[in-house]
Amino acid sequence: MPIIREIRIRLALLVGVVFLGALATLAYLLFAAPTRVQLVEPAADASRISFFALGDQGSGGLKQWEIARGMERVAERAGAPDFVALLGDNFYSHGVRSTRDKRWNWKFENVYIGNKLVNIPFYAVLGNHDVEGNAEAQIQYSRKHAGSGRWQMPGHSYSKDFGMDSGHPLLRVVFIDTNDLTREKMAKQARFMEEAFSPSAQQPTWRIVVGHHPFRNFGKHGEAPELVSALLPVLQKLQVDLYLAGHDHDQQLIVRDGEPVYVISGGGGQSLYGVAKEQPGLLFSRSQHGFAKIVVDSSRMLVAFYDGHARMAAEYAVERSCTKSASACLQPTVASRSNGR
């Protein structure tokens, strides 16, 4: 009996220690002020740009943390990305209330804190769950350089150039708000993209547009006919190379001739959705948590998909000089074929 009593006491002490440790961790995540960082941004004349892209990440759960660690591991192997693109639904389930909301700490600031990610900018767009809360607070958090200073969302729509190629921008990324599908708002987004890629501006080698909702989609939500009718002709006219989205909680790579390449990277941390297989133009699909990695230089663009454990699932490349159809230009790389893709 004394032995059993001693075992019970030790178990009770162990449970108490674990409980106190969990409370301390939770208190840190909620209340610890993020450390202000000196952002490391790519040189203005950088000849190569890489970034991670993920959406629907703001769960605050273990999967979001796992993916953050996976991103760090890929960065440790291949070098830190120049930035991260957050594809919306940054804070479940109803966005944030203010710039002082504790969700900033435990769903963003204290998640992506590995050595390779802690000093780089995170460029974000609004998702449908974000606009259920105070969407303007996410914009103000950026404008005030609040928290660590990594959060970048200066407006509902904005653009950013990266790198240089023979005197003109290597990459221009245009971030848009796809949440309001009224004719007026869609026309506003169209005008913004047209201005960003105006012929009077320096023309970039690569053109990427980022929004939360997909145009083409073989997952749960399906296609967005309002986006397709209102904005796809604009993307085609502007010769956008790649459209990045989240919303569907899975990973997809879709190609249709005469349209941008579509990447859905919505496995950032929330519960997963099922996704179709072997559909026309669907080069890759997987219902898994993870993120995408995009790399561009003057000659080609690489698109890779990783799971939450930093394992590459697929990688495709398109040569800038390719004059064939989009489906012919986008090809799996040696790394992708070695993974059985």
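Residues numbered from 1 in each chain as written. Predicted model: local features only at pLDDT ≥ 70, side-chain atom pairs only at ≥ 80, totals over all residues. Heavy atoms only, no water.

## Re the overall build of the protein chain
For clarity, the cut-off: Numbering goes from the N terminus for both helices and strands, where a helix is a DSSP run of H or I of at least four residues and a strand is a run of E of at least two. When accessible area is computed with a 1.4 Å probe and restricted to protein chains, residues below 20% of their type maximum are described as buried, those above 50% as exposed, and intermediate ones as partly exposed.
From N to C terminus, the protein chain includes nine helices and 15 strands. Burial status across the protein chain gives 52% buried among its 341 residues.

## A closer look at the confidence of the model for the protein chain
Convention followed: pLDDT is a per-residue confidence score from the predictor, ranging from 0 to 100. Whether two residues touch is decided by their heavy atoms; if any such pair falls within 4.5 Å, the residues are in contact.
When pLDDT is averaged across the protein chain, the result is 92; 89% of the residues are at 70 or more. Confidence over residues 16-27 falls short of pLDDT 50; this stretch has one contact with residues more than four positions distant or in other chains.

## Regarding helix 2 (residues 62-78)
Heads up, the rule is: To estimate how far a helix should reach, multiply one less than its number of residues by 1.5 Å.
In this model, helix 2 (17 residues) spans 24 Å end to end at C-alpha, consistent with the 24 Å of a helix rising 1.5 Å per residue. Within helix 2, the full set of buried residues consists of Gln64, Ile67, Ala68, Gly70, Met71, Glu72, Val74 and Ala75. In this fold, the buried residues of helix 2 make contact with strand 1 (48-54), strand 2 (83-86), helix 3 (103-109), strand 12 (290-297) and strand 13 (300-307). Once helix 2 finishes, Gly79 follows within two positions and takes phi at roughly 100 degrees, a positive value.

## What to know about the sheet that holds strand 2
What counts is decided by this rule: Here, any two strands with at least 2 DSSP bridges between them count as paired. Where helices are involved, their axes are fitted lines through C-alpha atoms of the stretch in contact, as for all axes, and angles between N-to-C directions lie from 0 to 180°.
Reading across the sheet, the eight strands line up as 4-3-2-1-12-13-14-15 and stay open at both edges, with mixed pairing between neighbours. Pairing within the sheet leaves two strands with one partner each, and these edge strands are strand 4 (151-152) and strand 15 (331-332). The pairing of strand 2 with strand 3 (residues 122-124) spans three bridges and is classified as parallel. For Ala85, the partnering residue across the bridge sits in strand 3 and is Tyr123. Those strands touched by helix 2 are strand 1, strand 2, strand 12 and strand 13, and its axis lies near 30 degrees from that of strand 12.

## Considerations on the sheet that holds strand 6 (residues 168-175)
Across the sheet, which stays open at both edges, the seven strands sit in the order 5-6-7-8-10-9-11 with mixed pairing between neighbours. Strand pairing shows two members of the sheet lacking a second neighbour, strand 5 (158-165) and strand 11 (282-286), which therefore form its edges. Shown here is a sheet whose adjacent strand axes are inclined to one another by a mean of 15 degrees, direction ignored. Note: strand 6 against strand 7 (residues 206-210), five bridges, orientation parallel. Counterpart to Val174 in the pairing with strand 7 is Val209. Strands strand 5, strand 6 and strand 7 of the sheet are contacted by helix 5 (residues 183-196), whose axis makes an angle of about 170 degrees with strand 6.

## What about the pattern of salt bridges?
Where we set the bar: Salt bridge, as used here: a side-chain nitrogen of Lys or Arg that lies within 4 Å of a carboxyl oxygen of Asp or Glu.
Evaluated as defined, the whole model comprises 13 salt bridges. A single salt-bridge network, built from bridges that share partners, covers Arg216, Glu223, Arg256 and Glu259.

## Observations regarding the pairing of strand 8 (residues 242-245)
Residues of strand 8 alternate between two faces, with Leu242 and Leu244 on one and Tyr243 and Ala245 on the opposite face, all of them buried. Here three bridges tie strand 7 to strand 8, and the two strands are oriented parallel to one another. The residue bridging Val209 from the neighbouring strand is Tyr243, located in strand 8. Of the pairings in the sheet, the one linking strand 8 to strand 10 (residues 261-265) comprises four bridges and is parallel in character. Paired with Ala245 across the strands is Ile264, a residue of strand 10.

## Some words on unusual backbone geometry
Cis peptide bonds are those with omega within 30 degrees of zero, and the linkage from Tyr92 to Ser93 qualifies with -5 degrees. You can see Ser93 is positioned in the loop between strand 2 and helix 3. Of note, the phi angle at Asp89 is positive, near 55 degrees, even though the residue is not glycine. Residue placement: Asp89 occurs in the loop between strand 2 and helix 3. Notably, Gln239 is not glycine yet its phi reads approximately 55 degrees, a positive angle. The exposure class of Gln239 is exposed, given its relative accessible area of 60%.

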